[in-house]
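Survey of secondary and tertiary structure
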Amino acid sequence: MPTASTAIVWFRRDLRVHDHPALTHALERFDRVVPLFVVDDSILRGRWPSPNRWWFLARALESLAGELEARGGRLTVVRGDPVELVPRIARDVGATAIVISRDYSAYGRRRDAAVEAAATALGVHWLAGRGLLVHEPEDVRREDGGPFHVFSPFHRRWLEADLRPVIEAPGAMATADVHVDGSGDPDELLGHPVPTADLDLLLAPSEAAARARLDRWARSDALRDYATGRDRLDLDGTSRLSQDLRWGLLSPVEVVTRCAGSGAGPSRFRSEIAWRDFYAHLLWHEPRVARESFRRELEGVGEREPDPEIVAAWKAGRTGYPVIDAAMRQLLATGWMHNRARMIVASFLTKHLRIDWRIGEAHFMEHLVDGDPASNNGGWQWAASTGTDPQPYFRIFNPTLQGQRHDPNGDYVRRWVPELRGIAGAAVHDPRGAYVAPIVDHAAAREGAIAAYEAARSG
């Protein structure tokens, strides 16, 4: 009687059972699967530690375990170095293949290459496929085969690329009845993370909750009106799916498919998903941008030596500009920030204060539940005008006008800056003597930033 074939499905940023190509592939081609997650010490203690994300991850893993158990499967969670652990586990359980969704980060690629080499040396096949993006880097290229560095032509090609069909969640699944040394409870292996954000303000971290959020969004008037409502800070006009896409509780292909209605709103929302692919593709083609500016000639342009007190004031939401302070406090309280607010505070740090964009990138990654290395890096370089397809260097947001335009009644500011709740209407954006003085003058800061960028460009 032939021996039953076994495959490991190694979950990473794809913590779901719906529309999961790697899981489906393994279930269709192997007799048994071993669902595996490795709490990677290099990430847990690495460049971007985040109690908020680790808390969300622990809960999401518990959700994934429940989804698999409901279908007859069992998730194994271990902690350590995946380069050592994954091949060893494959050997111990008699797996003939390791199946994954591709990773696009520089670290993920190095890790996967090392695991693949070790697995291949043991005679274990390495099968890497789609799962984290709508389209793969190979799918969206220029006519000459090179990558796009400007979003508009990228987006046109992205829209033309064939969209794979959404895959149903599996029914009953056969899993290998194995015990892996060191396996345990996700929360325990992650060190029982306690979020720095307010627990009552964090969204539920489960696939079921994510799917409910997607269902509500796909049926909402906010999606229909997204083209005009997405920038309103005071309204519930965005999808709030970013953390679900970051951890793979939702498939981006399913999100795009479910939100495929006609009209300006759905079209604009899908373009935001395309931006997510764009930055992931950039990181794939140009891994150096994870640590340096895409535009090398503007590296460090006009930057000042960071004043610790100024940086601390920006981080804590004590700049004297109400919309900046509201956004920074929203981040600390919720582990999330509205996208328009992200642009405003990033422009302020890099242009008004002329502080290295990497300081802002690190602060966001410390607190954001949806902190994604590619999207966060791309957004910060865009704001600093040092990235690919950046905001023009001379477009420097006026924080007061941005607040008046995108929070016209002042409700956003009053929610997050309680000191200003006594000021009615739009006057809250220009409180004059009723609030702390701005740490920098807008007009002078704008003039200095433009001069610094022009000097760098001419030099």
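Preceding block: the structure.
Residues numbered from 1 in each chain as written. Predicted model: local features only at pLDDT ≥ 70, side-chain atom pairs only at ≥ 80, totals over all residues. Heavy atoms only, no water.

Here Lys-351 is to be found in helix H16 (residues 339-352). When its relative accessible area of 0% is taken as the criterion, Lys-351 is described as buried. Within the structure, Lys-351 has its side chain in polar contact with the backbone oxygen of Ala-383 (distance 3.2 Å). (Helix = DSSP H or I, 4+ residues; strand = E, 2+ residues; numbered from the N terminus. Buried < 20%, exposed > 50% of the residue type's maximum accessible area, 1.4 Å probe, protein only. Polar contact = N/O pair within 3.5 Å; in protein donor to acceptor, adjacent residues only side chain to side chain.)

Taken as a class, soluble globular proteins show a tendency for nonpolar side chains to be buried jointly. By size, the foremost hydrophobic cluster in this structure holds 107 residues, and its most contacted members are Phe-11, Leu-15, Phe-37, Leu-75, Phe-269, Trp-314 and Ile-324. The leading source of residues in this core is helix H3 (residues 51-69), at 10 residues. Ignoring any residue separated from it by four or fewer positions in sequence, one finds Trp-314 in contact with Thr-319, Ile-324, Met-328, Val-345, Phe-348, Leu-349, Leu-353, Gly-360, His-363, Phe-364 and Trp-380. One finds Val-38, Val-86, Ile-100 and Ala-176 within the second-largest nonpolar core, a separate group that totals 21 residues. (Core = buried A, V, L, I, M, F, W, Y, C linked by side-chain atoms within 4.5 Å. Contact = heavy atoms within 4.5 Å.)

Take the packing of aromatic side chains next. The relative placement of two aromatic rings is captured by the distance of their centres and the angle of their planes. Under the definition given, this model contains 18 aromatic pairs. Relative to Phe-269, the ring of Tyr-226 has its centre 5.6 Å away and its plane inclined at 90°; by these criteria the two rings are edge-to-face. Of this pair, Tyr-226 sits in helix H10 (residues 226-229) while Phe-269 sits in helix H13 (residues 264-285), and the two are 43 residues apart along the sequence. Overall, Phe-269 belongs to the buried group, its relative accessible area being 4%. Seen from their ring centres, Phe-364 and Trp-380 are 5.1 Å apart, and the 75° between their planes marks the pair as edge-to-face. Of this pair, Phe-364 sits in helix H17 (residues 357-367) while Trp-380 sits in helix H18 (residues 373-384), and the two are 16 residues apart along the sequence. A relative accessible area of 2% places Phe-364 in the buried class. Residue classification places Trp-380 among the buried positions, given a relative accessible area of 1%. Three or more aromatic residues link up through ring pairs in this structure, and these residues are Phe-148, Phe-151, Phe-154, Trp-275, Phe-278 and Tyr-279. The ring of Trp-54 carries Arg-53 above its face, with NZ or CZ at 5.7 Å from the centroid. Residue placement shows Arg-102 over the ring face of Trp-284; its charged tip is 4.6 Å from the ring centre. (Phe/Tyr/Trp six-rings, centres within 6.5 Å; stacked < 30°, edge-to-face > 60°. Lys NZ or Arg CZ within 6 Å of the ring centre and 35° of its normal.)

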